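Residues per chain, in single letters:
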Amino acid sequence: MTEFWLVSVPLDKNSLQSTEKLKRAASKASLASSFRFPIPDLKVGTLDTLLALSDDLSRLDTHAESVMRRTSQCMAEVMEQTDKLLENALANGVDLASYVTRFQWDRAKYPTAVPLKSLTEIISRQVSQVEAELKTRNATYCNVKASLQGLERNTEGSLQTRNLTDIVKKEDLVLGSEYLTTLVIVVARASYNQWEHTYESLSQFVVPRSSRKILEEQEGAIFTVTLFKKAVGEFKANAIKNKFAVREFSLEEAERQKQEMGRLIVDKKEQYGTFVRWLKVNFSEVFVAWIHLKALRVFVESVLRYGLPVSFQVILLQPDRKCVKKLRELLSSLFTHLDPAAAASKPDLGLDIPGMSTAQQEYYSYICYSININLVDPS
């Protein structure tokens, strides 16, 4: 599991010293790697706006992560190769860990001159648009895929039920005759001799020596037989008595199914390419939006908790998964001064479930938001 913690503390002297101690101690004991995570100066607005925005951002964070994960899951399902997911699920052309650890605010997409509420609305619209289009595109692709699989399944199975389109050829049939027709018969392997000795007697209007074996498998074989059209009913009734299965077959229907399968194969191939390209582009869009949301949440929470003027620093930590508890204890000891009551009342709650994306964020004496970028198994 690849998880990061976005930690924010004030810029007071005590916290600055604690931050340096954190970096040294985490590095020395191999508890975590640390990175810069620059957040630009954003328009603060009023306290009431920030309080309302904090709740909105929490909900949008959960929503954006959900859409991001659904997009990556869809990519894995469409490509039918989970191992190919990581090399295709990129953010701005780089792997997800590199994007997070080298994060730079995208001022072109998310201009810093607009109010925080406007930035939130930009991201919300972006995520909702991808979600809606993902649903439509996935449904269209799945319908084509299911239709093709349905036709392909019909070409498998027993001789009694299998589609005969690729088995019975035009040359196996009597065509264009006013009086004659060809029937397709399934004969069990143990009944070959019985068929050969009796098929001409199942009706007096069977063409002598007209039986032809066109396919043989372990369970039996498919034979054709030619007879007068007026005798079809009689032949079928007697065939059933002798445990020979007469298969219904229409050359026109077979040709139609063959054309339909060809069309679906081409359609699926074209849609596959288009859909995979769309998934790659829009996975990147949503992931980038999600990380910017994390930055927005840190900014808003830092202003609400540490006050004005804006004065806080952010450090990005990548914990060693075996040292999560030790790292949390280190953070608690270094930043207890920010909120002694929080450190005393809830030490290390929720340490065994890092990366949980819930509206209720665990409260620490410092600000901390987790970023779980593991796509295969986010738990």
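Residues numbered from 1 in each chain as written. Predicted model: local features only at pLDDT ≥ 70, side-chain atom pairs only at ≥ 80, totals over all residues. Heavy atoms only, no water.

**Things to note about the sheet that holds strand S6 (residues 245-247)**
- The four strands lie next to each other as S4-S5-S3-S6, forming an open sheet whose pairing is antiparallel. Two strands in the sheet have a free side with no partner beyond their single neighbour: strand S4 (212-216) and S6. This sheet shows a mean twist of 35 degrees between the axes of neighbouring strands, independent of strand direction.
- Summarising the sheet, strand S3 (residues 180-188) and strand S5 (residues 220-228) pair through nine bridges and their orientation is antiparallel. The residue bridging Val184 from the neighbouring strand is Thr224, located in S5. (Pairing = 2+ DSSP bridges. Helix = DSSP H or I, 4+ residues; strand = E, 2+ residues; numbered from the N terminus. Axes fitted to C-alpha atoms, helices over the stretch in contact; angles between N-to-C directions.)

**Remarks on the pattern of salt bridges**
- Evaluation of the coordinates by the stated rule reveals 17 salt bridges.
- Linking Asp56 and Arg59 is a salt bridge whose minimum nitrogen-to-oxygen distance equals 2.6 Å. Taken as a pair, Asp56 and Arg59 lie in helix H2 (residues 47-79) at a separation of three residues, close to a single helical turn.
- For Asp56, a relative accessible area of 28% translates into the label partly exposed.
- Ionic pairing is found between Glu131 and Arg70, a salt bridge with its closest N-O pair at 2.9 Å. With a gap of 61 residues between them, Glu131 in helix H5 (residues 116-153) and Arg70 in helix H2 connect regions that are remote in the sequence.
- Exposure remark for Arg70: the relative accessible area of 35% places this residue in the partly exposed category.
- Where salt bridges share partners, they join Asp61, Lys294 and Arg297 into one cluster. (Salt bridge = Lys/Arg side-chain N within 4 Å of Asp/Glu carboxyl O. Buried < 20%, exposed > 50% of the residue type's maximum accessible area, 1.4 Å probe, protein only.)

**Thoughts on the sheet that holds strand S8 (residues 367-372)**
- If you trace the four strands from one edge of the open sheet to the other, you get S2-S7-S1-S8, paired in antiparallel fashion. The open sheet has two edge strands with one neighbour each: strand S2 (32-36) and S8. Put simply, the sheet's adjacent strands are angled 25 degrees from each other on average, direction ignored.
- Where strand S1 (residues 3-10) meets strand S7 (residues 312-319), six bridges bridge the pair, whose relative direction is antiparallel. Within S7, the residue paired with Val9 across the bridge is Gln313.
- Contacts from helix H8 (residues 251-306) reach S1, S7 and S8, with the element oriented near 170 degrees to S8.
- Lying over the sheet, helix H9 (residues 324-334) contacts S1, S2, S7 and S8, oriented at roughly 5 degrees with respect to S1. (Contact = heavy atoms within 4.5 Å.)

**A look at the packing of aromatic side chains**
- Scanning the entire structure with this criterion turns up 17 aromatic pairs.
- With a centroid separation of 6.1 Å and 80 degrees between ring planes, the pair formed by Tyr99 and Phe103 is classed as edge-to-face. Note on accessibility: Tyr99 and Phe103 belong to one class, buried.
- Within the aromatic cluster, the residues linked to one another by ring pairs are Phe37, Tyr99, Phe103, Phe283, Phe287 and Trp290.
- It is Arg328 that lies over the ring of Trp5; its NZ or CZ is 3.7 Å from the centre.
- The ring of Tyr364 has Arg328 lying over it, and the distance from NZ or CZ to the ring centre is 4.1 Å. (Phe/Tyr/Trp six-rings, centres within 6.5 Å; stacked < 30°, edge-to-face > 60°. Lys NZ or Arg CZ within 6 Å of the ring centre and 35° of its normal.)

**With respect to the confidence of the model for the protein chain**
- Summing up the model confidence of the protein chain, the mean pLDDT is 89 and the portion of residues at 70 or higher is 93%.
- Predicted confidence in the protein chain is weakest over helix H10 (residues 340-345), with a mean pLDDT of 65, and strongest over helix H4 (residues 96-101), with 96.
- Low confidence marks residues 347-360, where pLDDT is under 50. Its contacts with residues over four positions away, or in another chain, come to 20 contacts. (pLDDT = per-residue confidence, 0-100.)

**Examining the packing of helix H1 (residues 13-28) against H9**
- The interhelical angle for the contact between H1 and H9, taken along N-to-C directions, is 155 degrees, at an axis separation of 10 Å. When the axes of H1 and H9 are compared, the pair comes out roughly antiparallel. Taken as a pair, H1 and H9 cross one another with a handedness that is right-handed. For the pair H1 and H9, the contacting residues are Ser18, Lys21, Leu22, Ala25 and Ala26 in the first and Leu327, Leu330, Leu331 and Leu334 in the second. (Parallel < 35°, antiparallel > 145°, perpendicular 65-115°, else oblique. Left-handed = near helix turned anticlockwise from the far one by under 90°.)

**Description of the side chain of Gln126**
- Here Gln126 is to be found in helix H5.
- With residues near it in sequence (within four places) discarded, Gln126 still touches Tyr110, Glu285 and Ala289.

**Considering the packing of H5 against H8**
- At their nearest, the axes of H5 and H8 sit 8 Å apart, and the two run at 160 degrees to each other. As summarised for this structure, H5 and H8 are arranged roughly antiparallel, according to the angle between their axes. For the crossing formed where H5 meets H8, the hand is left-handed.
- In terms of residue class, the contact of H5 with H8 is made up of 23 nonpolar, ten polar and eight charged. (Nonpolar A, V, L, I, M, F, W, Y, C, P; charged D, E, K, R; others polar.)

**Thoughts on the environment of Gly262**
- Note on placement: Gly262 falls in helix H8.
- Each C-alpha atom of the pair Gly262 and Phe287 lies 37 Å from the other, and the pair is 25 residues apart in sequence.

**Focus on the environment of Leu375**
- Inspection of the secondary structure puts Leu375 in the segment after S8.
- Leave out the neighbours within four places in its chain, and Leu375 touches Met68, Arg69, Ser72, Leu85, Ala89, Leu96 and Phe283.

**Considering unusual backbone geometry**
- Look at the link from Leu308 to Pro309: it is a cis peptide, with omega at -5 degrees.
- Mapped onto the fold, Pro309 is located in the loop between H8 and S7.
- A positive phi angle is found at Asn92, which is not glycine, with a value near 55 degrees.
- Relative to the assigned elements, Asn92 resides in the loop between helix H3 (85-88) and H4.
- Residues other than glycine seldom take positive phi values, yet Lys243 does so here, at roughly 65 degrees.

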